[in-house]
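Report on the structure
Listed here are the chains, written in short residue letters.
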Amino acid sequence: MTTPVWDPHQYARHSGHRSRPVADLLARVPALPDETSPRIADLGCGPGGPSLPLAERWPGARITGYDNSPAMLREARAHAGRTSGGGSLDFAHADLAAWKPSREGEFDLIFSNAALQWVGAADDGGVPGGGTAVAGHTRLFPDWVRGLPPGGVLAFQVPGNFGAPSHTLLLELRNSPRWRGRLGSTGRDASVLDPVDYLARLDALGCETDAWETTYAHLLHGEDPVLDWVKGTALRPVLTLLADDPEACEEFTAEYGRLLREAYPPLGGDPARGTVLPFRRIFVVAVKR
């Protein structure tokens, strides 16, 4: 899978909608083993904004945000420093596919917002009946759970909308005769699991797990609002692959935008009312027994 080049400013254009799942996930995180000065890892911290609610809830926490995008980390480090309760917020480069706590019980909370789906699928030969591709981040769960003390929490949310038109149309266009030689992709069907599957895997690792899903109806405004949304996320690999060919990039984006306008018409046919983007997300809060 192509490693996308991220644009923090494009990503932030819909920050209001993107921050909603962070708040909803955080609201379900219980008290940590150390509520006064917990050690927290924020995996896939992006431009740093999603880390700020962690510092607001635990102002004495020592929080480290990890990301593999230099552009995102440059933005994030503007938020680094001491927090209101004497804690600290810092950021570090890390590949989530390889990241793990350095010792047992190191973190009170391992938190991740809309990042784990980018960890590539892996063969699940170690699971009974395995040998099939599964979400790559699940193979990291044993190390992450070991990095928690009893009562420590693994909390994350991932998009569950890979069957939505925004993604299926992108996949079809990438694999069309015009583009498959350069952009062809087998898709990311195994990028995430359903809530029940996450619960089963984390229960087997000794966690009490709360797993659920929510579909948000985001009302977007502006010209080609759904295209503008995916330019910050799902379209990044294509934009990265076509970065050296502006003409091809414009051609692909124009065709994809036309397909999105057909799939997501304005509310009531009136662009002034905005366009609804249904967005399913999957949430997991696992507490180590």
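Residues numbered from 1 in each chain as written. Predicted model: local features only at pLDDT ≥ 70, side-chain atom pairs only at ≥ 80, totals over all residues. Heavy atoms only, no water.

Let's shift gears to the overall build of the protein. Looking only at helices and strands, the protein has 11 helices and 10 strands in total. For 289 residues, the compact-globule estimate of 2.2 N^0.38 gives 19 Å, and the protein sits close to it at 19 Å. Dimensions of the protein, computed from the C-alpha atoms along their principal axes, are close to 55 × 50 × 40 Å. Considering only intrachain contacts with a sequence separation of at least 6, the fraction spanning at least 24 residues in the protein is 77%. If you sum the accessible surface of the protein, you get close to 13000 Å²; carbon and sulfur atoms cover 52% of it. (Helix = DSSP H or I, 4+ residues; strand = E, 2+ residues; numbered from the N terminus. Rg over C-alpha atoms; globule rule 2.2 N^0.38 Å. Contact = heavy atoms within 4.5 Å. Areas by Shrake-Rupley, 256 points an atom, 1.4 Å probe, with all protein chains shown as cover.)

Let us look at the sheet that holds strand S3 (residues 81–82). Think of a sheet as strands paired side by side through backbone hydrogen bonds, with each pair either parallel or antiparallel. Read across the sheet, eight strands follow the order S3-S4-S2-S1-S5-S8-S10-S9 without closing on themselves; strand pairing throughout is mixed. Because the sheet does not close on itself, it has two edges, and the strands there are S3 and strand S9 (207–220). Examined bridge by bridge, strand S1 (residues 39–43) and strand S5 (residues 109–113) share four bridges and lie parallel to one another. When the sheet's bridge partners are listed, Asp 42 is paired in S5 with Phe 111. Against the sheet, helix H2 (residues 15–26) engages S5, strand S8 (153–159), S9 and strand S10 (275–288), with an angle of about 155° to S9. Against the sheet, helix H8 (residues 195–204) makes contact with S8, S9 and S10, and its axis sits at roughly 155° relative to S9, the strand it touches most. (Pairing = 2+ DSSP bridges. Axes fitted to C-alpha atoms, helices over the stretch in contact; angles between N-to-C directions.)

Considering only enclosed or pocket space, the largest pocket measures out at about 810 Å³ in volume. What lines the largest pocket is a set of 44 residues, and nearest its centre among them are Trp 6, Ala 114, Ala 115, Gln 117 and Trp 118. Among the elements of the structure, H2, helix H4 (70–76), S8, helix H6 (165–174), helix H9 (225–230) and S10 are those that each provide at least two residues to the lining of the largest pocket. Taken together, the residues that form the lining of the largest pocket break down as 25 nonpolar, 14 polar and five charged. (1 Å grid on protein atoms, 1.4 Å probe; cavity = no way out; pocket = protein on both sides within 12 Å on 5 of 7 lines; lining within 4 Å. Points joined across faces, edges and corners; volume = space filled by probe spheres on them. Nonpolar A, V, L, I, M, F, W, Y, C, P; charged D, E, K, R; others polar.)

Right, let's get into the confidence of the model for the protein. This prediction gives the protein a mean pLDDT of 91; 93% of its residues lie at or above 70. Taken together, the stretch residues 122–133 has pLDDT below 50 and engages in 17 contacts with residues farther than four places along the chain or on a different chain. (pLDDT = per-residue confidence, 0-100.)

By convention here, two paired aromatic rings are described through the distance between centres and the angle between planes. A full pass over the atoms with the stated rule returns 12 aromatic pairs. Geometrically, the ring pair formed by Trp 99 and Phe 107 is tilted, given 5.7 Å between the ring centres and 50° between the ring planes. With relative accessibility at 1%, the residue Phe 107 sits in the buried group. On the basis of an interplanar angle of 50° and a centroid distance of 6.0 Å, the ring pair of Phe 141 and Trp 144 is categorised as tilted. Placement of the pair is Phe 141 and Trp 144 together in helix H5 (residues 141–146), with a separation of three residues, close to one helical turn. Accessibility expressed as a relative area gives 0% for Phe 141, which makes it buried. An aromatic cluster is defined as three or more aromatic residues linked by ring pairs; in this entry it consists of Tyr 66, Trp 99, Phe 107, Phe 141, Trp 144, Phe 156 and Tyr 198. Geometry around Trp 179 places Arg 178 over its ring, the cationic atom sitting 3.9 Å from the centre. Over the ring of Phe 279 we find Arg 281, and its NZ or CZ is 4.0 Å from the ring centre. (Phe/Tyr/Trp six-rings, centres within 6.5 Å; stacked < 30°, edge-to-face > 60°. Buried < 20%, exposed > 50% of the residue type's maximum accessible area, 1.4 Å probe, protein only. Lys NZ or Arg CZ within 6 Å of the ring centre and 35° of its normal.)

This next bit is on the packing of H6 against helix H11 (residues 246–263). Two elements in contact, H6 and H11, have axes whose closest approach is 10 Å; the angle formed by their N-to-C orientations is 140°. Considering the relative orientation of H6 and H11, their crossing is right-handed. Only Phe 252, Glu 255, Tyr 256, Leu 259, Leu 260 and Ala 263 of H11 make contact with H6, whose side of the interface consists of Pro 165, Ser 166, Leu 169, Leu 170, Leu 173 and Arg 174. A breakdown of the residues in the contact of H6 with H11 according to their chemical character gives nine nonpolar, one polar and two charged. (Left-handed = near helix turned anticlockwise from the far one by under 90°.)

The next subject is the side chain of Glu 106. In this structure, Glu 106 sits in the loop between strand S4 (88–93) and S5. At 2.7 Å, the side chain of Glu 106 and the backbone nitrogen of Ser 102 are in polar contact. With sequence-adjacent residues up to four places away left out, Glu 106 is seen in contact with Arg 39, Pro 101 and Gly 147. (Polar contact = N/O pair within 3.5 Å; in protein donor to acceptor, adjacent residues only side chain to side chain.)

The next thing to look at is the pattern of salt bridges. One pass over the structure, following the stated rule, counts 15 salt bridges. Ionic pairing is found between Glu 208 and Arg 289, a salt bridge with its closest N-O pair at 3.1 Å. Taken together, the residues span a long stretch of sequence, with Glu 208 in strand S9 and Arg 289 in the segment after S10 at a distance of 81 residues. Judged by relative accessible area, which is 46%, Arg 289 ranks as partly exposed. Each of Arg 182, Asp 244 and Asp 245 takes part in a single network of salt bridges with overlapping partners. (Salt bridge = Lys/Arg side-chain N within 4 Å of Asp/Glu carboxyl O.)

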